[in-house]
Amino acid sequence: MTLPIPKPKISFAELRLRKHADYQRAYAASRKQHSREMTWFCARRDTMPERRLHPSELLYGEPHTGPRIGLTVGKVMGKAHDRNRIKRRMRAAVAMHAALLADLPIDVILHPRRTVLLLEWDKLQREVANVFRAVRKQYTAQPER
């Protein structure tokens, strides 16, 4: 009897939106959307203006073609330990459901609400999965420009 090969878990570090300029381009190319526990922005990279990439931004020598996900938790969310806990929980949930966005050339920015801090883990996972399904649906509904 052979055991099934588990799918490799995608780490959040591989998906991360890193540069301030990329956040600004994504904000400019999208509009704010809301879910129950977070606000999110989604922009297609193929519709945004090109920019030169630093060698450190290349994934295995090539530009990253899949989704990139940014996460912002401002000081209004509380003290540093609260913000860090929100980010840790969000990173874990994003990594678990990143496969829903596989191979889409998009940038997604998530702004969680403070309620994420005390939200049950199962509900947080469902919320992230629902947001990613909505992003995929939006991406497939938009015609390429």
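This section reports on the structure supplied with the text.

Thresholds, definitions, all that
- Residues numbered from 1 in each chain as written.
- Predicted model: local features only at pLDDT ≥ 70, side-chain atom pairs only at ≥ 80, totals over all residues.
- Heavy atoms only, no water.
- Helix = DSSP H or I, 4+ residues; strand = E, 2+ residues; numbered from the N terminus.
- Buried < 20%, exposed > 50% of the residue type's maximum accessible area, 1.4 Å probe, protein only.
- Contact = heavy atoms within 4.5 Å.
- Areas by Shrake-Rupley, 256 points an atom, 1.4 Å probe, with all protein chains shown as cover.
- Expected span 1.5 Å × (residues − 1).
- Salt bridge = Lys/Arg side-chain N within 4 Å of Asp/Glu carboxyl O.
- Pairing = 2+ DSSP bridges.
- Right-handed = clockwise from strand over helix to strand, strands pointing away.
- Core = buried A, V, L, I, M, F, W, Y, C linked by side-chain atoms within 4.5 Å.

The next point concerns the overall build of the protein chain. Looking only at helices and strands, the protein chain features four helices and four strands. Each helix and strand of the protein chain, ordered N terminal to C terminal, gives the series α-α-β-β-β-α-β-α. Here the protein chain holds 145 residues, and 41% of them are scored as buried. Counting contacts in the protein chain only where the partners sit at least 6 residues apart, residues at least 24 apart contribute 80% of the total. Accessible surface for the protein chain amounts to roughly 9400 Å². Of this, 55% is attributable to carbon and sulfur atoms.

This paragraph deals with helix H4 (residues 121-141). Residues that lie three or four places apart on an α-helix share one face, since the helix turns once every 3.6 residues. In this model, H4 (21 residues) spans 30 Å end to end at C-alpha, consistent with the 30 Å of a helix rising 1.5 Å per residue. Listed in full, the buried residues belonging to H4 are Leu124, Gln125, Glu127, Val128, Ala129, Val131, Phe132, Val135, Gln138 and Tyr139. On its buried side, H4 packs onto strand S1 (33-34), strand S2 (38-44), strand S3 (68-71), helix H3 (80-97) and strand S4 (106-112).

According to the stated counting rule, one finds six salt bridges in the structure shown. For the salt bridge of Arg45 with Asp107, the shortest nitrogen-to-oxygen distance reads 2.8 Å. In this pair, Arg45 is assigned in the loop between S2 and S3 and Asp107 in strand S4, connecting sequence segments 62 residues apart. Taking the relative accessible area as the measure of exposure, Asp107 reaches 0% and is therefore buried. Between Asp82 and Arg114 there is a salt bridge; the shortest N-O distance is 3.4 Å. In this pair, Asp82 sits in helix H3 while Arg114 sits in the loop between S4 and H4, placing the two residues 32 residues apart along the sequence. Judged by relative accessible area, Asp82 falls into the buried class, the value being 16%. Each of Asp22, Arg25, Arg45, Arg68 and Asp107 takes part in a single network of salt bridges with overlapping partners.

This part covers the pairing of S4. Side-chain direction in a regular strand flips from residue to residue, so the side chains alternate between the two faces of the sheet. In terms of residue burial, S4 counts as a mostly covered element, since six of its seven residues are buried. When S2 meets S4, the two strands line up antiparallel, connected through seven bridges. Among the inter-strand pairings, Phe41 is bridged to a residue of S4, identified as Ile109. Read from S3 through H3 to S4, the crossover connection turns out left-handed.

Counting residues in each nonpolar core, the largest one holds 27 residues, and the members touching the most others are Met90 and Leu110. Going through the elements one at a time, S2, S3, H3, S4 and H4 are the ones with two or more residues in this core. At six residues, H4 tops the list of elements feeding residues into this core. The contacts of Met90, once residues within four sequence positions are left out, are Met38, Leu71, Leu110, Pro112, Val116, Leu124 and Val128.

Another point: the environment of Asn130. Its place among the elements puts Asn130 in helix H4. You can call Asn130 partly exposed: its relative accessible area is 43%. In this structure, the C-alpha to C-alpha distance between Asn130 and Ser35, residues 95 residues apart in sequence, is 8.6 Å.

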